[in-house]
Amino acid sequence: RMVTHNWDNEFLQLVAAMVADGLGENVFLDIALQLSSPTGVHTLKRSLWNKGTLRRSYWVCACSVNQHASICNSLGEAPDPGTNRYAMWKARTTDTV
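Since we're looking at a predicted model, the values are computed, not measured. (Residues numbered from 1 in each chain as written. Predicted model: local features only at pLDDT ≥ 70, side-chain atom pairs only at ≥ 80, totals over all residues. Heavy atoms only, no water.)

### Brief notes about the overall build of the protein
Piece 1. Within the protein one finds five helices and two strands.
Piece 2. Classification of the 97 residues of the protein by burial places 20% in the buried group.
Piece 3. A sequence separation of at least 24 residues applies to 48% of the contacts in the protein between residues at least 6 apart.
Piece 4. Summing over all exposed atoms, the protein offers an accessible surface of approximately 7,400 Å²; the carbon and sulfur share of this is 54%. (Helix = DSSP H or I, 4+ residues; strand = E, 2+ residues; numbered from the N terminus. Buried < 20%, exposed > 50% of the residue type's maximum accessible area, 1.4 Å probe, protein only. Contact = heavy atoms within 4.5 Å. Areas by Shrake-Rupley, 256 points an atom, 1.4 Å probe, with all protein chains shown as cover.)

### Side note on helix 3 (residues 38-51)
Piece 1. Between its first and last C-alpha, helix 3 extends 20 Å over 14 residues, near the 20 Å set by a 1.5 Å rise per residue.
Piece 2. Buried residues of helix 3: Gly40, Leu44 and Leu48, and no others. Taken down its axis, helix 3 places every buried residue within 70 degrees of arc, on the same side. The exposed residues of helix 3 that point more than 90 degrees off its buried face are Pro38, Thr39, Trp49 and Asn50.
Piece 3. Looking one or two places after helix 3, you find Gly52, whose phi comes out positive at around 80 degrees. (Expected span 1.5 Å × (residues − 1). Arc of directions from axis to C-beta.)

### Quick notes on the packing of aromatic side chains
Piece 1. As enumerated under the stated definition, the model contains one aromatic pair in all.
Piece 2. Both rings, one in Tyr86 and one in Trp89, keep their centres 5.7 Å apart while their planes meet at 35 degrees; by these two values the pair is tilted. Separated by three residues within a single helix, Tyr86 and Trp89 lie in helix 5 (residues 84-94), roughly one turn from each other.
Piece 3. The class of Tyr86 is partly exposed, set by a relative accessible area of 24%. (Phe/Tyr/Trp six-rings, centres within 6.5 Å; stacked < 30°, edge-to-face > 60°.)

### Focus: the environment of Ser47
Piece 1. For Ser47, the position within the fold is in helix 3.
Piece 2. The sequence separation of Ser47 and Gly22 amounts to 25 residues, and the corresponding C-alpha distance is 9.2 Å.

### Some details on the nonpolar core
Soluble globular proteins tend to pack their nonpolar side chains together in the buried interior.
Piece 1. Listed in full, the eight residues of the largest apolar core are Ala16, Val19, Ala20, Leu23, Ile31, Ala32, Leu44 and Leu48.
Piece 2. Put simply, the parts of the chain that give this core at least two residues each are helix 1 (11-23), helix 2 (29-35) and helix 3.
Piece 3. Considering each element in turn, this core owes the most residues, four residues, to helix 1. (Core = buried A, V, L, I, M, F, W, Y, C linked by side-chain atoms within 4.5 Å.)

### So, helix 1
Piece 1. For helix 1, which comprises 13 residues, the first-to-last C-alpha distance of 19 Å matches the rise-based estimate of 18 Å (1.5 Å per residue) to within 8%.
Piece 2. Regarding helix 1, the residues found buried are Leu14, Ala16, Met18, Val19, Ala20, Gly22 and Leu23.
Piece 3. Where the residues of helix 1 are buried, they touch strand 1 (2-4), helix 2, helix 3 and strand 2 (59-61).

Below is the structure:
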């Protein structure tokens, strides 16, 4: 499963959302609260084990990488090198913040 991190959220919320997915839940607030204590973590791990999803893998996109530049072709074709349009286009392929 692929997960995209929202930079407005805390890392705890990202983890809680993945645990919620593993448990088949639609919300993660209670899970985030449980993740805040060792006992809660143990309980969640046991629940994930019982669901058969404790070992589920997630691919987390949490870096400032403009993957859309390479996988979505959203920037269009490159203009002629050496032009101002090319310089602006090239900057959008690498500037992510």
